[in-house]
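# A look at the structure
The residues making up each chain are set out below.
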Protein chains: 2
Amino acid sequence: MHSVSSPLPPPEAGSDSPSAPLDTRFLESLIGYNARRAALAIIGPVLQRLAPFELRVVDFSVLTVIAHNPGVTSRQVCAALDILPPNLVGLVRALEQRGLVEKRDHPRDRRAQGLYVTAVGAQVQARAQAAVGAVESSDLTHLDAHERATLIRLLRKIYLGPEA
Amino acid sequence: MHSVSSPLPPPEAGSDSPSAPLDTRFLESLIGYNARRAALAIIGPVLQRLAPFELRVVDFSVLTVIAHNPGVTSRQVCAALDILPPNLVGLVRALEQRGLVEKRDHPRDRRAQGLYVTAVGAQVQARAQAAVGAVESSDLTHLDAHERATLIRLLRKIYLGPEA
DNA sequence: TATTGTTATACTCTATAACTATA
DNA sequence: TATAGTTATAGAGTATAACAATA
């Protein structure tokens, strides 16, 4: 087949203006692109606030689900947070070794174990939750309360569907 | 110090109602949590649409920036897409070996190279862009045009600041 | 036969150090 | 001295297969 060749040299945006911003308009028109960038922009400050507690975002998420759902099983945590069972094992074990979480026999299913926060774990979770919550309502998001509510409603519509 | 112990046994949400949904209300109140889940919900359909072109999201992003900015340098692509230079090398090399992208000497900086799409690369990019764009405006997002515009405006405000 | 929790492992993604050629 | 592109490599994150104990 014939090769399609450009008869004229193309414009050279990169070399013509080395300091000019690139054209990324198409990517910026995509919800996925903007949602990912926004999530990454928020995660930085959240990481900072969680650092004093020696928790990453995933650790905080697991600890929070356990704190708010005493006796929850590993499989339930996996389903709620989209974590694969083999990958949860190490997360829970680390929280357990730090004395924040403990396992107890499940009352009606001897295969399963109920997960509980310890008294220390409950304190750490509550303080970490306050720190994380403070980021979201701070100026770091550049949004007022109404904008935040609108944003969350629209985001939930995307991953839960129109009926949510 | 005294240990803070619960005088009463805690409720057992996990074991009491095994099929009941967990309490994840706090996480659901966070912008970061919702933005990440929305981004993950969108990326699935996008991956499907890109699969026929044998492009992942990152490949499509790089190809698109090059197509829209002929002569762009590697460093500029890295800055625009938040990719570290060592990690871009393999991406560009793969696109180059598939005949979608080519490097040419930079006219004024012999250290740098200008990146260009080939004629085939331009065709592939244009068709992939149409496929990706169709996902966003489809029912898959559960949003109408006005909601989509509002959502993108609020997301941009988060990562660009209030003046954007 | 299906499910819970687990081990081992592989694969991808992201990050750091250091080198060369050039500015 | 600083920057563009590159190599090698380390680490985190995510994925599959398979097992013992129990339903």
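Here, the structure is the one placed above.
Here's what I pulled together on the structure shown here. Model, not experiment: these values are computed from the prediction.

Gaps left between atoms show up when a probe the size of a water molecule is rolled over them. Estimates place the volume of the largest pocket at around 1500 Å³. R36 and A39 of chain A together with R36, A39 and L40 of chain B are the residues nearest the centre of the largest pocket, which is lined by 47 residues in total. Contributions of two or more residues to the lining of the largest pocket are made by α3 (31-50), α4 (57-68), α5 (74-81) and α7 (119-136) of chain A together with α3 (31-50), α4 (57-68), α5 (74-81) and α7 (119-136) of chain B. In this model, the second largest pocket occupies a volume close to 330 Å³. Looking at the lining of the second largest pocket, the elements with two or more residues in it are α5, α6 (85-97) and β2 (113-117) of chain A. The biggest single contributor to the lining of the second largest pocket is α6 of chain A, with five residues.

What follows concerns the packing of α4 of chain B against helix α6 (residues 85-97) of chain B. Between two packed helices, the angle of one axis relative to the other and the distance separating the axes together describe the packing. All names here are of chain B. Packing of α4 against α6 leaves a shortest axis separation of 10 Å and a crossing angle of 75 degrees. With respect to α6, the axis of α4 lies roughly perpendicular. Contacts from V58, D59, V62 and L63 in α4 reach L88, L91, V92 and L95 in α6. Residue classes in the contact of α4 with α6 are distributed as seven nonpolar, no polar and one charged.

Definitions and limits used
- Residues numbered from 1 in each chain as written.
- Chains lettered and ligands numbered in written order.
- Predicted model: local features only at pLDDT ≥ 70, side-chain atom pairs only at ≥ 80, totals over all residues.
- Heavy atoms only, no water.
- 1 Å grid on protein atoms, 1.4 Å probe; cavity = no way out; pocket = protein on both sides within 12 Å on 5 of 7 lines; lining within 4 Å.
- Points joined across faces, edges and corners; volume = space filled by probe spheres on them.
- Helix = DSSP H or I, 4+ residues; strand = E, 2+ residues; numbered from the N terminus.
- Axes fitted to C-alpha atoms, helices over the stretch in contact; angles between N-to-C directions.
- Parallel < 35°, antiparallel > 145°, perpendicular 65-115°, else oblique.
- Contact = heavy atoms within 4.5 Å.
- Nonpolar A, V, L, I, M, F, W, Y, C, P; charged D, E, K, R; others polar.

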